[in-house]
Amino acid sequence: GPLRAEPRSLLHTDSGEVRYYLLQYSNQFCGGQIGGLQRLYNDGLCHLSAGAYVKMMDHGNGTVSVKPGSNSDCHCANAAVLTETYTVDELDLHGQWTAPQNSGCKTSHGIGLRVVKGTWCVPSTFNSCFPKDKKFTELIQTCPSTQVDLSGGGMCNYHSFHAKGAVPVTQHRQQQQQQQRNATHNATQKSKLG
């Protein structure tokens, strides 16, 4: 059935909270506009995020693994091919990524994915923010879609393993509406199962 979307208000909670997000770009170099994001939680537990289950495991060395799930236990029949390890990236005070040589960007079939970490901070009369925290919060707030299953939870029980010959979606289709961006990511996940 249809998945319920998290209300946008979930993005706007208390300042000072360290947050993690998986970002998707429309090109393989993680440049330009962010097409969508999925919130991650750094507690090793399975969470419902963007209508899909996902678990993030921190390796303690600047990398994390993101595992999709089909249920609240994060069971995923295709976990071996859908689980990805990322270098965690952060913004500096100028709004630039800090991972050396763009190592925070993971390329897959013409799209770029990046796990980012930052301190949530909304400036107000009673709250001032460090520049990098303000830039991180603004980046997340301006993302066109906060409800994208980027981790691949929808592909956990995908049974058609003959997707090996699937052709990656063209650049033209990647630039269409957000719904088609979701389809692009799902096509990427299917091709990984081959």
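Structural notes, computed from the coordinates. Keep in mind it's a predicted model, so treat the numbers as computed, not measured. In this convention, every chain numbers its residues from 1, walking through the sequence in written order. Reporting in this predicted model follows two pLDDT cut-offs: at least 70 for local features of residues, and 80 or more for side-chain atom pairs to be given and counted; totals over whole chains, interfaces and linings ignore these cut-offs and use all residues. Side-chain numbers come from the whole structure's heavy atoms, not from hydrogens or water.

The next thing to look at is the pairing of strand 4 (residues 52-58). Successive residues of a regular strand alternate their side chains across the two faces of the sheet. Two strands form a pair only when DSSP identifies at least two bridges running between them. Only DSSP runs of H or I covering at least 4 residues are called helices, and only runs of E covering at least 2 are called strands; the numbering of each starts at the N terminus. Across four bridges, the pairing between strand 3 (residues 46-49) and strand 4 is antiparallel. Within strand 4, the position partnered with Leu-48 by the bridge is Tyr-53. When strand 4 meets strand 5 (residues 63-69), the two strands line up antiparallel, connected through six bridges. When the bridges of strand 5 are listed, Asp-58 appears paired with Val-64. The turn linking strand 4 back onto strand 5 is made up of four residues, and Gly-60 within it adopts a positive phi angle of 75 degrees.

The next thing to look at is unusual backbone geometry. Outside of glycine, negative phi angles account for most residues, and trans bonds account for most peptide bonds. Despite not being glycine, Cys-74 shows a phi value in the positive range, around 60 degrees. Among the structural elements, Cys-74 can be located in the loop between strand 5 and helix 1 (79-82). With a phi angle near 60 degrees, Asn-102 is a residue other than glycine that sits in the positive phi range. Among the secondary structure elements, Asn-102 is positioned in the loop between strand 6 (84-89) and strand 7 (105-108).

Let's shift gears to the state of the cysteines. In this description, the term disulfide denotes a pair of cysteine sulfurs within 2.5 Å. Inspection of the entire model under this criterion finds four disulfides. Between the sulfur of Cys-46 and that of Cys-74 lies a disulfide, 2.0 Å long from S to S. Where Cys-46 bonds to Cys-74 through sulfur, the torsion about that S-S bond is close to 80 degrees, and the disulfide is right-handed. On the criterion of sequence distance, the pair formed by Cys-46 in strand 3 and Cys-74 in the loop between strand 5 and helix 1 is long-range, its members being 28 residues apart. In this model Cys-76 forms its disulfide with Cys-156; the gap between the sulfur atoms is 2.2 Å. Note on the Cys-76 and Cys-156 pair: the S-S dihedral is about -105 degrees, so by sign convention the disulfide is left-handed. In this pair, Cys-76 is assigned in the loop between strand 5 and helix 1 and Cys-156 in the loop between helix 2 (131-141) and helix 3 (171-174), connecting sequence segments 80 residues apart. Taking the relative accessible area as the measure of exposure, Cys-156 reaches 0% and is therefore buried. Summary of the burial criterion: residues with accessible area below 20% of their type's maximum are buried, those above 50% are exposed, and those between are partly exposed, where the area comes from a 1.4 Å probe applied to protein chains only.

In this section: helix 2. Looking at helix 2, one finds that the buried residues are Asp-133, Phe-136, Thr-137 and Ile-140. Down the axis of helix 2, the smallest arc covering the buried residues is 95 degrees, so these residues share one side. We call two residues in contact whenever any of their non-hydrogen atoms come within 4.5 Å of each other. For helix 2, the elements touching its buried residues are strand 1 (18-25), strand 2 (34-40) and strand 8 (111-119). The directions considered for the arc are those from the helix axis to the C-beta atoms.

Here the focus is the side chain of Ser-65. Topologically, Ser-65 is positioned in strand 5. Judged by its relative accessible area of 6%, Ser-65 is buried. Here a polar contact is taken to be a pair of N or O atoms separated by no more than 3.5 Å, where protein atoms must pair a possible hydrogen donor with a possible acceptor and residues adjacent in sequence count only if both atoms sit in side chains. A polar contact of 2.6 Å, which involves the side chain of Ser-65, links it to the side chain of His-59. At a separation of 3.0 Å, a polar atom in the side chain of Ser-65 contacts the side chain of Thr-85. Sequence-distant contacts of Ser-65, defined by excluding residues within four places in its chain, comprise Lys-55, Met-56, Met-57, His-59, Thr-83, Glu-84 and Thr-85.

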